[in-house]
There are 4 protein chains.
Amino acid sequence: MIKAGVIGATGYAGAEIVRLLINRPDVELIHFGSRSYAGKEYTSEYGNFRSFADVICGGDDLEELSKEADVIFTATPQGYLAGALTKEMLSRCRFVDLSADFRLKDPKVYEAWYGLKAASPELLEEAVYGLCELHREEIKGKRLIANPGCYTTCSILTIHPLVKAGLIDPASIIIDAKSGTSGAGRSAKVGSLFCEVNENVKAYGVAKHRHTPEIEQELSLAAGKELTLNFTPHLIPMQRGILVTAYADLIKKNGALPAREEVEAVYQDAYGKESFIRLLPPGICPETRFTEGSNFTDIGFVIDERTGRIIMMGALDNLVKGAAGQAVQNMNLIFGLEETAGLMQPPMFP
Amino acid sequence: MIKAGVIGATGYAGAEIVRLLINRPDVELIHFGSRSYAGKEYTSEYGNFRSFADVICGGDDLEELSKEADVIFTATPQGYLAGALTKEMLSRCRFVDLSADFRLKDPKVYEAWYGLKAASPELLEEAVYGLCELHREEIKGKRLIANPGCYTTCSILTIHPLVKAGLIDPASIIIDAKSGTSGAGRSAKVGSLFCEVNENVKAYGVAKHRHTPEIEQELSLAAGKELTLNFTPHLIPMQRGILVTAYADLIKKNGALPAREEVEAVYQDAYGKESFIRLLPPGICPETRFTEGSNFTDIGFVIDERTGRIIMMGALDNLVKGAAGQAVQNMNLIFGLEETAGLMQPPMFP
Amino acid sequence: MIKAGVIGATGYAGAEIVRLLINRPDVELIHFGSRSYAGKEYTSEYGNFRSFADVICGGDDLEELSKEADVIFTATPQGYLAGALTKEMLSRCRFVDLSADFRLKDPKVYEAWYGLKAASPELLEEAVYGLCELHREEIKGKRLIANPGCYTTCSILTIHPLVKAGLIDPASIIIDAKSGTSGAGRSAKVGSLFCEVNENVKAYGVAKHRHTPEIEQELSLAAGKELTLNFTPHLIPMQRGILVTAYADLIKKNGALPAREEVEAVYQDAYGKESFIRLLPPGICPETRFTEGSNFTDIGFVIDERTGRIIMMGALDNLVKGAAGQAVQNMNLIFGLEETAGLMQPPMFP
Amino acid sequence: MIKAGVIGATGYAGAEIVRLLINRPDVELIHFGSRSYAGKEYTSEYGNFRSFADVICGGDDLEELSKEADVIFTATPQGYLAGALTKEMLSRCRFVDLSADFRLKDPKVYEAWYGLKAASPELLEEAVYGLCELHREEIKGKRLIANPGCYTTCSILTIHPLVKAGLIDPASIIIDAKSGTSGAGRSAKVGSLFCEVNENVKAYGVAKHRHTPEIEQELSLAAGKELTLNFTPHLIPMQRGILVTAYADLIKKNGALPAREEVEAVYQDAYGKESFIRLLPPGICPETRFTEGSNFTDIGFVIDERTGRIIMMGALDNLVKGAAGQAVQNMNLIFGLEETAGLMQPPMFP
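Position labels on residues start from 1 in each chain and follow its written sequence. Lettering for chains starts from A, numbering for ligands starts from 1, and both go in the order in which the items are written. Whole-chain, interface and lining totals are the exception, using all residues; otherwise, since this is a predicted model, local features are given only for residues with pLDDT of at least 70 and side-chain atom pairs are given and counted only at 80 or more. Hydrogen atoms and water are omitted, and side-chain values are computed over all heavy atoms in the structure.

Q: Help me out: how do you make sense of the environment of Leu279(C) in this one?
A: Residue and element names in this part refer to chain C. In this text, helices come from DSSP runs of H or I with a minimum length of four residues, and strands from runs of E with a minimum of two, each type numbered from the N-terminal end. Along the polypeptide, Leu-279 turns up in strand 11 (residues 277–279). According to the relative accessible area criterion, Leu-279 is partly exposed, its value standing at 27%. Residues Leu-279 and Ser-182, 97 residues apart in the sequence, show an inter-C-alpha distance of 26 Å. The contact rule is simple, with two residues in contact once any of their heavy atoms fall within 4.5 Å. Ignoring sequence-local partners within four residues, the contact set of Leu-279 consists of Tyr-267, Gln-268, Tyr-271 and Ile-299. Summary of the burial criterion: residues with accessible area below 20% of their type's maximum are buried, those above 50% are exposed, and those between are partly exposed, where the area comes from a 1.4 Å probe applied to protein chains only.

Now the structure itself:
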C-alpha cells in the first residue's frame, strides 16, 4: 500500500489527484493539505467527495508529511517546493511536483521567465521532467519528478514526433492554444468570475507566457538544436480541456511535400504503442470534449498543399493528462506499477 | 460473463450505459444498436469511446439480439419496446427499459398522459418499477424492469420518506425541477441548439409533463392514498444534472411543527444504509455539480418556521442515477451481483 | 440636461446604468464613482465603454457629488446610503438607491433580515418604493427612491394583480426563482468563479433570503392584510436573467376554479397599458433570453385543473428591469420625462 | 422613409437586422421573409420582438418584394440570390446580400471553393464588396452589395493595414480564428446542439474553409500581389463573438524589427478616423465580450522580439459587424445616410 499525500488538495489539480486515487486499492491517501482550508472539512469545498473523503484538511508542513508518506504530490504555487524541499526529505519520500519549480533545466531561463530564484542546482539535477511518453525510462524509480504544465504537455506531444523526424522546420513553429478556465485555478480573482469568462474569448500572456520555454526546451532536444517558437494561450468559457492548434512549414524533399501517409507513419512510430495517445483518422479533428475526465491526448493533423504548412492539433483534459492524471502516471512509473493503473476510465461525454 | 446489448446506444442515455459497462470485467457489450446510425462507426458519433469501442453500430432487431444477449437495455422512443417485446423474448433474456412503456401500472393513466396505447396487461403485470431504493427486493431476478424517469427518480427519492412517515400533507406537494439539456436527448431540434438553450431558463410542459403521473403513482403508494401534485420542469443551460426543489406543508402535532431532528431521523431511517444516497448536513443544499458523472443522489431540506412548510431538495446526474446508472444498478440486482458494481466512481468536479 | 452621477459604477448594476445613460441626449454622466477603482481608467474594467466613457473613476464622496449632480444613483453595499445621506444633500439632489436601505418600511423588519441598523425614520418616511408600475404617481417629483431588488421586481409584478383581485389564497404563495450570476455581483468570491457556477444549479438562502420581506411587504399591501410566503432563489449558469415560477391556490367561486379568461382579464386590467410588461398568450411560457438587455418583464400563467393551483411565471433581465433599467425609469418619472425614454431597445437574442 | 425587407428573417443574422432596424425612425420594415416559417407569427420564433414586430412571416418571393421595397437584405443560403436576382429587380431596388454569392470576384475561385455555379459575370461586375472601411466610396449609391463574411471581416480588418504598409511578409500569414456558435446558423443540426457545443473546443474546415479565398482576395489587393494564407476556424461554446489571432513575420529594415510605435502609426493612419474600429493601447488584448451587440471591431497587437513575428488580434460580434451591423452600415452608405445611423449603441457587458 502506497501512502500518498497531497499539498494543495483544495485546488482544482490537487482535487483531481484525490479523484484519481481515492478508490485505488493500492494507494492510501493520508493527507489532504491546504494552506487556506487547513482545519476545515474537505467536503465543505469539494462536496463531490462526500462519503469518499470525509476528512479534515491538513496543512502544508512538508517536513512532517515526508516522514509518513511514500509519495507527496505538490500542487502548490511557484517556489513552494523549491524553497521547502531538502535532501533529507528526498531520502525518505518521492515527490511529484505540479508547479514549475523543477521543469526548466537552465536556471537562467527559469529566472528570466518566472522572476523567481531557481531551485538549487543539485535538486534541479536530480529532477526528471515527467512527460511520461518522452522520458518514461528516466522516471522509473526516481525521487523527484517535475510534472509538466498543461499547455506544454499538449503542445509537446502534438509536435514532438515531427520535429524529431525532421519533417518540419523548427524555426517555423506557431502554437495557438485554447484552454478551459480550470487552468486559471481556484483563487478568487475578478478575471475568473463566471460573468467575466462566459460569452468571451481572449488571448493572454501573448509572447510571454511561462509555458513557452518549457515547450522550447523539449522541442529543442528533439530538434537537436535550440529553437524558439510562438505560443499564444486563449481563455475559453469551458471548465476543462486544452486544444492546441500548431502550425509549421513542412520541409520539402525534391520539391515535394511529404505525403499524409509519411506523416502518419512518423506519429504511429512515436505513439503507436502508447496507452494514452489516440491518433485520429484523416478528416477527424481533436475535440476537447472527447477527452474529458480522462488521461488521453487525441492528435490529428491536416496538410495544406496550398501553403506548404501542416496544421497539427492536440486535445486533452488539462486537469488529467495536463496535471493530475500525468502526476498519477508518474507515480505509477516511479513505483514500478502498471503505468495505466487507475487511469483507464473512458472520457465522459456529454 | 454477462452479455449485454444496448438499443439506442447513440443517444445520450444509451451512450452513458456504454460508459458504465465498457470496462466491466464481468460484462461484455455485444451490441451497440442505433436506428439512425446502424452500419456506421460508433466512434464517429462518440469520439470519447475511441480505443474503447471501435465497433460498427448495429440495428434495432430485438428478436435477434434477444437470442444472444443476457440483458438488453432499451434507450428507445416511447412505444418501441411495448410494441416489440414478446413473451418468447422474455423467456430467454432480461430487459431494462429506459422508456416509459412499463412505468405506469394503470394503462388508462398511461394512455391519458402519453396518447399512446399502453403495453399489454400481461407485460405490465410482469414489469417491475426499477427505482432500486424502493423496490430492491422485487427487482432481484426479474425479467422486465421499467427504469424510472430522470425527474421522477430525483423527485420520488427526495420526497418519499416524508410522505411515508406522514410528516407532510400529501395534498400540498409542489415540485419545481431544473434539468440540464442532455435530458432533451440528442435529436436535432431547434429548441436544443446551443444558442437557444444558453443564457436562458424557462419552464416547459407546465401542469402536463409526463413524469407527473409516475411521481404520483409512487408517492400515492407511500401515502396509502391517491394524491395529485404540481410538477414543473425547467430547462437549464448545462449538460447534466437535475435539481428538485419540493415544497409541502408540514403536519403539526399538538400545534407544533416537527423538529429538524425528527425529519432527519426519518430520512436516516429510509436511506442511512443506501450506497447511493447522501443526506447532507444542516445548512448544505444539494448542488448538481457534486453528483456529476456519479450514481449518487444528494438530499437536503430546510424547515421554514414562518410558513410551516418544508423545502426538500434533491440533486442527481440525470444521465446516471436518472437513467444509465440506475439501469446498471437494476442489472446488478437482476443478476444477483453486488448492487454497486461499476458504479462507485466519485463525482467529477469541476 | 440632467447631470447624473453613479456611485458603484464598476459593479454590474452600476455599469448597466452607464450603458443606459451614456448615449442619452438629455443626460450627462458626470461621475463614475468606485471605491475600489477610484483613480483608474473606467475602461480598464469595462472595455465595452472604450470610446464612450474614456474617463477616470471617481470616488464615493456623496457630499461633494451631491453639490454637482441633479441625480445620484447608488449601486452600493447595504448601509452605505443610509449612513451617508443627509437632509441637506436631499435638498439639492435626487437619489435613486439600488441597495436595500430604504426598501422596507418597517425598521424592525429591516433589522431582523439584514442585521444592520435601519435608516432614520425621517428618511424612511421620505423614501418611495420605486416599483414603477405600482407606485408611479408617488414617484413623480420625489427626492429619494428605493429601487426594488431584482428578485422582488420579478416576483411582485408576476403575482400582484392576482392577489389584489382576490383570485388566489394569499397564504398559499410559493415563489421558486432562478437567477443568472450577475446578480451575485462583481466581487471576487470563490463561489462566483466560472468553474464553480458553470454546469451547476443550486438553491441558496432557503427560507431566509433578504428579498422575502420586500415581496411580502408589497403583496401584503395588495392583499390588504399581512401575508407570509416561501421564496427560494436558485443560481443558474448564465449571466443575466431571472425567472420566477410562482404557485398559489386559486380561490373557487361556487365550487369552480376561475376560467383562464378571467385571470387574463385581471392581468390585462393591471398591465394592459404598461410599456414594459408583456402578457404572453396561452401556451407560451416566459423565457429570460427574450428579455435580455431590455427593461421588459414577460408574464404568463397556467391553471392546473387537477390541483386547483395556478402557476404564474415572470421573466426579466436582472440588470435592467431588475436594477439599472428600473432605476432609469425612476429617474425619468422623477424628472417628468417620458417614462420610457432611453429604455425601448428590443431585447437582444441570441 | 426607406422601405426595407428581409429574406431570411428567422435566421440569426436576419433577426439581427430586424433588431437594428426595428426602432429606426427613417426605416420601415415591410417584410419578414422566411422560407421555413412563412405564414407563422414572427414572435413565435423570436419572442424578444414581441410588441416590436407582431407580424406574420412572409415568404421569399424576391420578384414581388423588389416592387415594394427600397432595399432588400438577403440572409439566405448560398446560391439563392445569384439564382433569383435579375437586372429588372436591380433597376428598382437595392440589395445587400449576406451570402457569399457576390463576394468573390473570380468565378473560378467561387466555383472551386463552393462547388456551386458562380453568379453571372454581369451581376458580379456590378456587385461591390461591402467591407465599409475599405470600400466606402465604391459602396455609396450602389445597387448590389456583397456583405462580407464574419470571419473575413474580422481577419481583413485586423491584418489589412500591415499588409498594405509592407510591414509584414504576405507569404507568412497564419490566421487562427475562434467563433461563437451563432455563426453556425439556426438550422437543427446535431453538431450545433447545446450538449455537443458546450464544454468543447474544436477546429473545423481546416485548410478548406470557404472564407479563406475571401480573405486572400482582399489582402492580395492590399499586397499588390497574390498571396495565400492559412485560416483555421474554431467553434467556441459561446453565442456571439469572433476573435482572430493572426501571425506574420515582420519585415526587418536594416536588420531591425519595426518598433511598436511604427506599427501603431500604420494602424492609426488606417483607422484613426473610423467610427467602428477601436485600436487598443499596449498591453490590452481584444476580447469578444467587449464588442457584444455592437458594430465595433477591437484591434490590438504584440511584437515578439524573440521570433520576429507580430501577433495581430481582432474581436467583433459576428452577428453585428460580422453580418447584420455591417449590412446596415452598407445600407446607410448606399442611401447617403449618416454611416453610423442606428449603430452607435455601446456593447453590452456582461
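Q: Sorry, what's going on with the relation of the copies chain C and chain A here?
A: One chain copy maps onto the other through a rotation about an axis and a shift parallel to that axis. Superposition of the copies used a least-squares fit over C-alpha atoms from residues whose pLDDT is at least 70 in both. With an RMSD of 0.0 Å, the operation that places chain C on chain A is a rotation of 180° combined with a shift of 0.0 Å along the axis. Those values place the two copies in the arrangement expected of a two-fold rotation axis. A high fraction, 100%, of the interface residues of chain C reappear at the interface in chain A, so the copies pair face to face through one surface.

Q: I'm lost on the nonpolar core in this one. Help?
A: The nonpolar side chains of soluble globular proteins are, as a tendency, buried together. In this text, buried Ala, Val, Leu, Ile, Met, Phe, Trp, Tyr and Cys residues form a nonpolar core when linked through side-chain atoms within 4.5 Å. Among the nonpolar cores identified, the biggest contains 98 residues, and Leu21(B), Tyr42(B), Phe73(B), Leu21(D), Tyr42(D) and Phe73(D) are the most heavily contacted of them. Counting 97 residues, the second-largest nonpolar core is a separate cluster that includes Ile139(A), Leu193(C), Val320(C) and Leu343(C).

Q: What is the right way to read the interface of chain C and chain A from this model?
A: Many descriptions give the size of an interface as the accessible area lost when the pieces come together. Across the boundary between the two partners, chain C contributes 20 residues, which contact 20 residues of chain A. Both faces combined, the contact of chain C with chain A buries some 1700 Å², and carbon together with sulfur accounts for 64% of it. The salt bridge definition used is simple: a Lys or Arg side-chain nitrogen within 4 Å of an Asp or Glu carboxyl oxygen. Close ionic contact of Arg186(C) with Glu196(A) constitutes a salt bridge, the shortest N to O distance being 2.9 Å. Contacts described as polar in this section are N or O atom pairs within 3.5 Å, which, within protein, must combine one atom able to donate a hydrogen with one able to accept it, while residues neighboring in sequence count only if both atoms come from side chains. Where chain C meets chain A, there are eight residue pairs in polar contact (both at pLDDT 80 or more). Counting residues per element, the side of chain C that touches chain A draws most heavily on helix 10 (residues 194–197) of chain C, at four residues. In this classification, the charged set is Asp, Glu, Lys and Arg, the nonpolar set is Ala, Val, Leu, Ile, Met, Phe, Trp, Tyr, Cys and Pro, and all remaining amino acids, among them Gly, are polar. Considered class by class, the residues forming the side of chain C that touches chain A number ten nonpolar, six polar and four charged. In this description, buried area is defined as the sum, over both parts, of the accessible area (probe of 1.4 Å) that is lost when the two are combined.

Q: For this particular structure, what's the right way to read the packing of aromatic side chains?
A: For any pair of aromatic rings, the description rests on two quantities: the centre-to-centre distance and the angle between the ring planes. Ring pairs shown here join Phe, Tyr and Trp side chains whose ring centres sit within 6.5 Å, with only the six-membered ring taken for Trp; geometry is labelled stacked below 30 degrees between planes, edge-to-face above 60, and tilted in between. Enumeration over the complete set of coordinates arrives at 54 aromatic pairs over all chains. With a centroid separation of 6.4 Å and an interplanar angle of 40°, the aromatic rings of Tyr46(A) and Phe49(A) are classed as tilted. Phe49(A) sits in the buried class, given a relative accessible area of 1%. Members of the aromatic cluster, joined through ring pairs, are Tyr12(A), Phe32(A), Tyr42(A), Tyr46(A), Phe49(A), Phe290(B) and Phe349(B). Its guanidinium or amino end placed over the ring of Phe335(C), Arg94(C) lies 5.5 Å from that ring's centre, counting from NZ or CZ. For a lysine, the NZ atom is tested; for an arginine, the CZ atom; a charge sits over a ring if that atom is within 6 Å of the ring centre and within 35 degrees of the ring normal.

Q: Looking at this structure, how should I read the domain arrangement of chain A?
A: All names here are of chain A. For the domains described, the bounds stem from an automatic or database domain assignment. Taken as a whole, chain A is organised into domain 1 (2–126) and domain 2 (151–317). A C-alpha centroid distance of 27 Å is found between domain 1 and domain 2. With 14 residues of domain 1 at the interface, the matching set in domain 2 holds 14 residues. For the pair domain 1 and domain 2, the summed buried surface comes to about 1200 Å²; carbon and sulfur atoms form 50% of the total. In this assembly, domain 1 and domain 2 are joined by three salt bridges. Note that Glu-214 and Arg-103 form a salt bridge whose closest N and O atoms lie 3.3 Å from each other. Summed over the shared surface of domain 1 and domain 2, the result is eight residue pairs in polar contact (both at pLDDT 80 or more). Looking at the side of domain 1 that touches domain 2, the elements with two or more residues in it are helix 1 (12–21) and helix 6 (107–114).

Q: Please clarify how the sheet that holds strand 3 (residues 71–74) of chain B should be interpreted in this entry.
A: Backbone-to-backbone hydrogen bonds pair the strands of a sheet. The strands run either parallel or antiparallel. Residues and elements named next belong to chain B. As summarised here, the arrangement of the six strands in space is 2-1-3-4-6-5, forming an open sheet in which the pairing is parallel. Edge positions in the sheet fall to strand 2 (27–33) and strand 5 (128–129), since each of these pairs with one other strand and no more. Here, a strand pair is defined by DSSP locating no fewer than two bridges between the strands. As paired strands, strand 3 and strand 4 (residues 94–97) are joined by four bridges and run parallel to one another. Residue pairing for strand 4: Phe-73 is matched across the bridge by Val-96. Every angle, taken between N-to-C directions, lies between 0 and 180 degrees, and every axis is a line fitted to C-alpha atoms, over only the stretch in contact when it is a helix. Of the strands in this sheet, strand 1 (2–7), strand 2 and strand 3 touch helix 1 (residues 12–21), which is tilted by about 160° from strand 2.

Q: So what exactly am I meant to see when it comes to the interface of chain D and chain A here?
A: Taken residue by residue, the interface counts 47 residues in chain D and 47 residues in chain A. Interface area for chain D against chain A, summed over the two sides, is near 4000 Å², with a carbon-plus-sulfur share of 53%. The largest per-residue losses of area from chain D upon contact with chain A belong to Glu199(D), Val201(D) and Arg306(D), which jointly make up 17% of the total buried on that side. Run the count over chain D and chain A and you get six salt bridges. Between Lys178(D) and Asp176(A) there is a salt bridge, with the nearest N and O atoms lying 3.0 Å from each other. Applying the counting rule to chain D against chain A returns 32 residue pairs in polar contact (both at pLDDT 80 or more). Elements with a minimum of two residues in the side of chain D that touches chain A: strand 7 (174–179), helix 9 (194–197), strand 8 (202–203), helix 10 (212–223), strand 9 (230–235), strand 10 (242–249), strand 12 (297–304) and strand 13 (309–316) of chain D. Looking at the side of chain D that touches chain A element by element, the count peaks at four residues for strand 7 of chain D.

Q: Any chance you could explain the packing of helix 9 (residues 150–164) of chain C against helix 11 (residues 212–223) of chain C here in plain terms?
A: Axis angle and axis distance: for two packed helices, these are the angle between their axes and the distance between the axes, and together they describe the pair. Residue and element names in this part refer to chain C. Between helix 9 and helix 11, the shortest axis-to-axis distance is 9 Å and the interhelical angle comes to 20°. It follows from the interaxial angle that helix 9 and helix 11 lie roughly parallel. Helix-helix and strand crossings are classified by hand; for helix 9 and helix 11 the assignment is right-handed. Every residue of helix 11 that contacts helix 9 at Thr-152, Ser-155, Ile-156, Ile-159, His-160, Val-163 and Lys-164 is listed here: Glu-214, Ile-215, Glu-218, Leu-219, Ala-222 and Ala-223. Each residue belonging to the contact of helix 9 with helix 11 can be placed in one class, and the counts come to seven nonpolar, three polar and three charged. For this classification, under 35 degrees means roughly parallel, over 145 means roughly antiparallel, 65 to 115 means roughly perpendicular, and everything else is oblique. The hand of a helix crossing depends on one turn: near helix anticlockwise from the far one by less than a right angle means left-handed, and clockwise means right-handed.

Q: Quick question: what am I supposed to make of the sheet that holds strand 10 (residues 242–249) of chain A here?
A: All names here are of chain A. The seven strands lie next to each other as 8-9-7-10-13-12-11, forming an open sheet whose pairing is mixed. With partners counted over all chains shown, the strands left at the sheet margins are strand 8 (202–203) and strand 11 (277–279), one partner each. Where helix 12 (residues 260–271) meets the sheet, its contacts fall on strand 11, strand 12 (297–304) and strand 13 (309–316), and the angle it forms with strand 12 comes to roughly 160°.

Q: Any chance you could explain the environment of Asp317(B) here in plain terms?
A: All names here are of chain B. Inspection of the secondary structure puts Asp-317 in the loop between strand 13 (309–316) and helix 13 (320–334). Given a relative accessible area of 0%, Asp-317 falls into the buried group. For the pair Asp-317 and Cys-154, spaced 163 residues apart in the sequence, the C-alpha separation amounts to 9.2 Å. Apart from residues no more than four positions distant in its own chain, Asp-317 is found in contact with Arg-240, Gly-241, Thr-291, Glu-292, Gly-293, Ser-294, Phe-296 and Gly-322.

Q: Explanation requested: the state of the cysteines in the structure shown.
A: In protein structure, a disulfide is the covalent linkage between the sulfur atoms of two cysteines. Residues and elements named next belong to chain B. Here, two cysteine sulfur atoms that lie within 2.5 Å of each other are counted as a disulfide. One pass over the full model with this rule turns up zero disulfides over all chains. Here Cys-132 stays unpaired: no disulfide links it, and the sulfur of Cys-154, its closest cysteine neighbor, is 15 Å away. Of the residues examined, Cys-132 reaches a relative accessible area of 0% and is grouped as buried.

Q: How should the pairing of strand 7 (residues 174–179) of chain B be read in this particular structure?
A: Walk down a regular strand and you will see the side chains alternate between the two sheet faces. Residues and elements named next belong to chain B. Strand 7 sits mainly inside the fold: six of its six residues count as buried. Direction of pairing for strand 7 relative to strand 9 (residues 230–235): parallel, over a ladder of six bridges. By the bridge assignment, Ile-174 is partnered in strand 9 with Asn-230. Inspection of the sheet shows strand 7 paired to strand 10 (residues 242–249) by six bridges, in the antiparallel sense. Bridging from a neighbouring strand, Lys-178 pairs with Leu-243 of strand 10.

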